[in-house]
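Spelled out from the first residue to the last, the chains are:
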Amino acid sequence: MKNLLIKGGLFCSLLFLGAGPAMAQNDTTAEFKPSGKLWGYAFGDYAWKGGNDEAGRGGANQYSKVPLNSNLFQWRRIYLGYDYNISQKFSAEFLLAAEDNWAGGVVPGTGDVLTNNKFAPYVKLANIRWKNIIKGHDLVFGQQATPTYAKNGSGMAAEEVWGYRAIERSITDIRRNSSYDFGLSLMGKFGKKGNFGYVLMAANGTAAKAENDMNKMFYGDVWAKFLDKKIIVDISQDYTKINWGVGLSTDQKRWDHDRYMTKLFAAYVHPKFSVGLEVFMTTLTGDVVDSGLDGKAYYRTTKAMGVSLFTKGRIYKDKLGFFARFDNYDPSGNLNNIVSDANTKKYAALTSAYEPTTKEMFSTFGVDFTPVKNVHIMPNVWFNTYESALSATGSNSHGTKYASMNSNVSPIMGTDVAYRITLYYIYGK
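Residues numbered from 1 in each chain as written. Predicted model: local features only at pLDDT ≥ 70, side-chain atom pairs only at ≥ 80, totals over all residues. Heavy atoms only, no water.

Topic: a nonpolar patch on the surface
Spelled out, the test is: Patch criteria: residues need more than 30% relative accessible area and no salt bridge. Like-charged residues are merged within 9 Å; nonpolar side chains of Val, Leu, Ile, Met, Phe, Trp and Tyr are merged within 5 Å. Here, Shrake-Rupley sampling with a 1.4 Å probe gives the accessible areas, and only protein chains in the shown set may cover a residue. We count a salt bridge whenever a side-chain nitrogen from Lys or Arg sits within 4 Å of a carboxyl oxygen from Asp or Glu. In this description a helix means any DSSP run of H or I spanning at least four residues, a strand means any run of E spanning at least two, and both kinds are numbered starting from the N terminus.
Where nonpolar side chains cluster on the molecular surface, the patch consists of Leu38, Leu80, Tyr82, Tyr84, Ile86, Phe94, Val123, Ile128, Phe141, Phe182, Leu184 and Tyr427 and spans about 1,000 Å² of accessible area. Of all the secondary-structure elements, those providing two or more residues to the nonpolar patch are strand S2 (71-85), strand S4 (122-134) and strand S6 (180-190). Per-element tally for the nonpolar patch: the top contributor is S2, with three residues.

A few points about the packing of aromatic side chains
Note the threshold: Geometry of aromatic contacts follows a simple scheme: Phe, Tyr and Trp rings, the Trp one being its six-membered ring, pair when their centres are within 6.5 Å, and the pair is stacked under 30 degrees between planes, edge-to-face over 60, tilted otherwise. For every residue, the accessible area (1.4 Å probe, protein chains only) is compared with the maximum for its type, and the residue is labelled buried under 20%, exposed over 50%, or partly exposed between those bounds.
Taken as a whole and judged by the stated rule, the model has 26 aromatic pairs. Aromatic side chains tyrosine 46 and phenylalanine 73 sit 4.8 Å apart centroid to centroid with 50 degrees between the ring planes, which places their arrangement in the tilted category. With tyrosine 46 in strand S1 (residues 35-51) and phenylalanine 73 in strand S2, this residue pair connects regions lying 27 residues apart in the sequence. Summarising the aromatic geometry, the rings of tryptophan 75 and tyrosine 425 are spaced 6.0 Å apart at their centres and angled 75 degrees between planes, so their arrangement reads as edge-to-face. Residue tryptophan 75 is found in strand S2, and its partner tyrosine 425 is found in strand S17 (residues 414-427); the two are separated by 350 residues along the sequence. Note on tyrosine 425: relative accessible area 29%, which makes it partly exposed.

Observations regarding the environment of proline 67
Here proline 67 is to be found in the loop between S1 and S2. Between the C-alpha atoms of proline 67 and glycine 50, which are 17 residues apart in sequence, the distance is 9.5 Å.

Considerations on the pattern of salt bridges
In total, this model carries 16 salt bridges according to the counting rule given. In this structure, aspartate 238 engages arginine 259 in a salt bridge whose closest nitrogen and oxygen atoms are separated by 3.3 Å. With aspartate 238 in strand S9 (residues 231-247) and arginine 259 in strand S10 (residues 254-268), the pair connects residues that are 21 residues apart, well separated along the chain. As far as the burial class goes, aspartate 238 and arginine 259 line up, both buried. Here aspartate 341 and arginine 300 are joined by a salt bridge, their closest N and O atoms 3.8 Å apart. Highlighted residues: aspartate 341 in the loop between helix H4 (335-339) and strand S14 (344-349) and arginine 300 in strand S12 (residues 297-316), separated in sequence by 41 residues. Through salt bridges with shared partners, a single network forms among Arg77, Glu99 and Lys124.

Regarding empty space enclosed by the protein
Heads up, the rule is: In the cavity and pocket records, a cavity denotes points on a 1 Å grid over the protein atoms alone where a 1.4 Å probe fits but cannot get out, a pocket denotes an open set with protein on both sides within 12 Å along at least 5 of 7 lines, and lining residues are residues with an atom within 4 Å of a point. Grid points are joined across faces, edges and corners, and a volume is the space filled by probe spheres set on the points. Residues are grouped as follows: nonpolar covers Ala, Val, Leu, Ile, Met, Phe, Trp, Tyr, Cys and Pro; charged covers Asp, Glu, Lys and Arg; every other residue, Gly included, is treated as polar.
Within this structure, the stated rule accounts for three cavities of 30 Å³ or more. Mapped by element, the contributors of at least two residues to the lining of the second largest cavity are helix H3 (171-174), strand S13 (320-333) and strand S15 (358-372). Tallying contributions element by element places S15 first for the lining of the second largest cavity, with three residues. Looking at side-chain class alone, the lining of the second largest cavity contains five nonpolar, two polar and three charged residues.

Focus on the layout of surface pockets
Approximately 1,200 Å³ is the volume attributed to the second largest pocket. As for the second largest pocket, its lining consists of 44 residues, and the residues nearest its centre are Tyr41, Glu159, Glu160, Gly163 and Tyr424. Classifying every residue of the lining of the second largest pocket by side-chain character gives 20 nonpolar, eight polar and 16 charged.

Focus: the pairing of strand S16 (residues 375-388)
Rules: Two strands qualify as a pair provided DSSP detects at least 2 bridges between them.
Two elements, S15 and S16, share eleven bridges in a ladder whose sense is antiparallel. Of the residues in S16, the one forming a bridge with phenylalanine 365 is valine 381. Adjacent in sequence and paired antiparallel, S15 and S16 are bridged by two residues, among which asparagine 374 carries a positive phi angle near 75 degrees. Examined bridge by bridge, S16 and S17 share twelve bridges and lie antiparallel to one another. Each residue of the ladder has a partner; that of threonine 385, found in S17, is threonine 415.

Remember that the coordinates give geometry; whether it matters functionally is a separate question.
Dropping the structure here:
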């Protein structure tokens, strides 16, 4: 009996000793190790300016005021980023960017160049993310992508689905609504498969520049995916006060100046073929200064609308693709009421990207040759057409000619055209 007990005890001891390593092997919880990743990308072209708008309009666009027959080797964007996982709950993002390096600037004098015309980088992103502060919801502080133009957690925001930022920014980004800002955001997903989500953000509204007033920019975005995540519907809204309640010595008594934009984005996304639609309306309260014949200044409201339709797809496996896009932009909402006022002598927009006189139609198309993953060579055509929203020969009831009210009132329909071979490469991803 004694021997049996001894043998039984030895068997149990060996069993428990063997169970220890087995339990350790079944424990899938690995110790977290902080880690980071350096990444970046660049795109640029050889471009020839083959068409020119004689009136020199379109100050918010890439090739406005670039002289006809100019030929350029240029980088249009260079990124150098670093992502770091601090812990299982915290991660950080940092990005240096150099963009718009033509010495004349996208708007003359505003390119990212030094006084000696050398390319100059700046801090575009610098933020920390608290993951799952509430299950399924992240809190982000710092300079970060805004929800309406870039990442909103869906992986299918407008710029991500378009996928050809190397060719042109999104239609709302062209109007210089910032795709990044310094602030605080809360974002999250709902549903068992994460097919619904939102972003709420409060920020300075000054992009990479330091805050210079007491006003803030507020962003809201909701999105949903359908049909096995092939369809995305994204609705966003932003709002900011610019000048508010400023006392005036005119009949208006005070100047209320703000801006708010509503945007709808919808797309069908498939590896072989995708199509997207982006529609927005921006209201600018008190953004146009109406100089009256009575010698007083009046601040008037205008509205801008834009529609962007694009498609892209594969021609041959992962080696050759195509893309095409058409935008229609009309910033002239309420302009007829301004110029038809018998008291109007001149008018001017305070926000240059929303100057209300000129309608624009943008188109681009090209092919995407990918010799290896993350290297793209893209022959393409870029052109933008300008047309006055007012008749150059028209006048209001007082007889004041529209053409004398604003220098952009022109009988000329002009087009900026660029023929390009664009190179885009990515590293670290």
